[in-house]
Amino acid sequence: MIRHVVASSLVVLAFSTSDVGAHWLRGRQRCCCPIAEAPAPSPEDAIHGVLNGQAAAWNRGDLEGFMAGYWHSDNLTFMSGGTVTHGWQSTLDRYRARYQGQGREMGVLTFSDIEVQVFDGDNAMVRGRWTLVKSKETITGLFTLIFRRLPEGWRIVHDHTSA
């Protein structure tokens, strides 16, 4: 009997000190055991997360979701095709005209060959390749992005894209 009580107590103790057990117990009783919070992602991981979120939004036809990766500011710069576009709204309008206008197709976007160089805790440069597969063609090009850590997270503040 004593072994059973000791063994049961050890199981309860192990469960209550695990992350799963502590989460389950949190709403049921006060827990004196500290719960370790997940560490913040590295700048590289956070930036990859932004790019993955952009590709996912693009591929479901959500241009505003795609634009969430950009700095929502009039100071955003986007350079492509020999033109410079200033501002978040102007950049969104450019994407809409090129990819959601009459008879336009967004296609499937992927990013590859991503290189992230963090300059300091709040600024980074990202180089890579984009590929857009459409029903009648596949286009690809290179990009250089400048990311800045802002209160809302890592955002693209400058985009230079070539085809």
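Novice: Explain the overall build of the chain to me, and be specific about the residues and the numbers.
Specialist: Counting secondary structure elements, the chain contains five helices and six strands. Moving toward the C terminus, one meets the helices and strands of the chain in the order α-α-α-α-β-β-α-β-β-β-β. For the chain, contacts bridging at least 24 residues in sequence account for 44% of all contacts bridging at least 6. For the chain, the accessible surface area stands at approximately 10,300 Å², while carbon and sulfur atoms represent 56% of it.

Novice: Quick one: what's the story with the environment of E105, residue by residue and with numbers?
Specialist: In this fold, E105 is placed in the loop between α5 (88–99) and β3 (108–118). Linking E105 and K136, residues 31 residues apart in sequence, is a C-alpha distance of 9.8 Å. In this view, E105 contacts Y99, K134 and S135; residues no more than four positions away in its chain are not counted. One polar contact links the side chain of E105 to the main-chain amide nitrogen of S135, over a distance of 2.9 Å.

Novice: Outline α5, supporting the account with residue identities and numerical values.
Specialist: The end-to-end C-alpha separation of α5 is 16 Å, in line with the 16 Å expected for 12 residues at 1.5 Å each. Along α5, the positions that sit buried rather than exposed are W88, T91, L92, R94, Y95 and Y99. End-on view of α5: buried residues confined to an arc of 160 degrees, all on one side of the axis. On the buried face of α5, the contacting elements are α3 (43–59), α4 (63–67), β1 (77–80), β2 (83–86), β4 (123–133) and β6 (153–162).

Novice: Account for the confidence of the model for the chain, naming residues and giving values.
Specialist: On average, the chain scores 85 in pLDDT, and the residues at 70 or more come to 79%. Counted against residues more than four places away or in other chains, residues 1–18, with its pLDDT under 50, gives eight contacts. Across residues 20–26 the pLDDT falls below 50, and counting only partners more than four positions away or on other chains, this stretch makes eight contacts in the model.

Novice: Go over the pairing of β6 with me, naming the residues and quoting the values.
Specialist: Inspection of the sheet shows β1 paired to β6 by four bridges, in the parallel sense. From the neighbouring strand, M79 faces β6, where its bridge partner is H160. Where strand β5 (residues 138–150) meets β6, nine bridges bridge the pair, whose relative direction is antiparallel. Of the residues in β6, the one forming a bridge with F147 is I156. Counted between consecutive antiparallel strands, the loop separating β5 from β6 contains two residues.

Novice: Break down the pairing of β1 for me, citing the residues and quoting the values.
Specialist: Across four bridges, β1 lies against β2 in antiparallel orientation. Across the sheet, the residue bridging to F78 is T85, located in β2. Counting the residues between successive antiparallel strands, the hairpin from β1 to β2 contains two residues, one of them, G81, with a positive phi of roughly 60 degrees.

Novice: Quick one: what's the story with the nonpolar core, residue by residue and with numbers?
Specialist: Counting 27 residues, the largest nonpolar core has W58, F66, Y70, Y95 and F147 as its most contacted members. The set of elements that each furnish at least two residues to this core consists of α3, α4, α5, β4, β5 and β6. Of the residues forming this core, the biggest block, six residues, is contributed by α3.

Thresholds applied
- Residues numbered from 1 in each chain as written.
- Predicted model: local features only at pLDDT ≥ 70, side-chain atom pairs only at ≥ 80, totals over all residues.
- Heavy atoms only, no water.
- Helix = DSSP H or I, 4+ residues; strand = E, 2+ residues; numbered from the N terminus.
- Contact = heavy atoms within 4.5 Å.
- Areas by Shrake-Rupley, 256 points an atom, 1.4 Å probe, with all protein chains shown as cover.
- Polar contact = N/O pair within 3.5 Å; in protein donor to acceptor, adjacent residues only side chain to side chain.
- Expected span 1.5 Å × (residues − 1).
- Buried < 20%, exposed > 50% of the residue type's maximum accessible area, 1.4 Å probe, protein only.
- Arc of directions from axis to C-beta.
- pLDDT = per-residue confidence, 0-100.
- Pairing = 2+ DSSP bridges.
- Core = buried A, V, L, I, M, F, W, Y, C linked by side-chain atoms within 4.5 Å.

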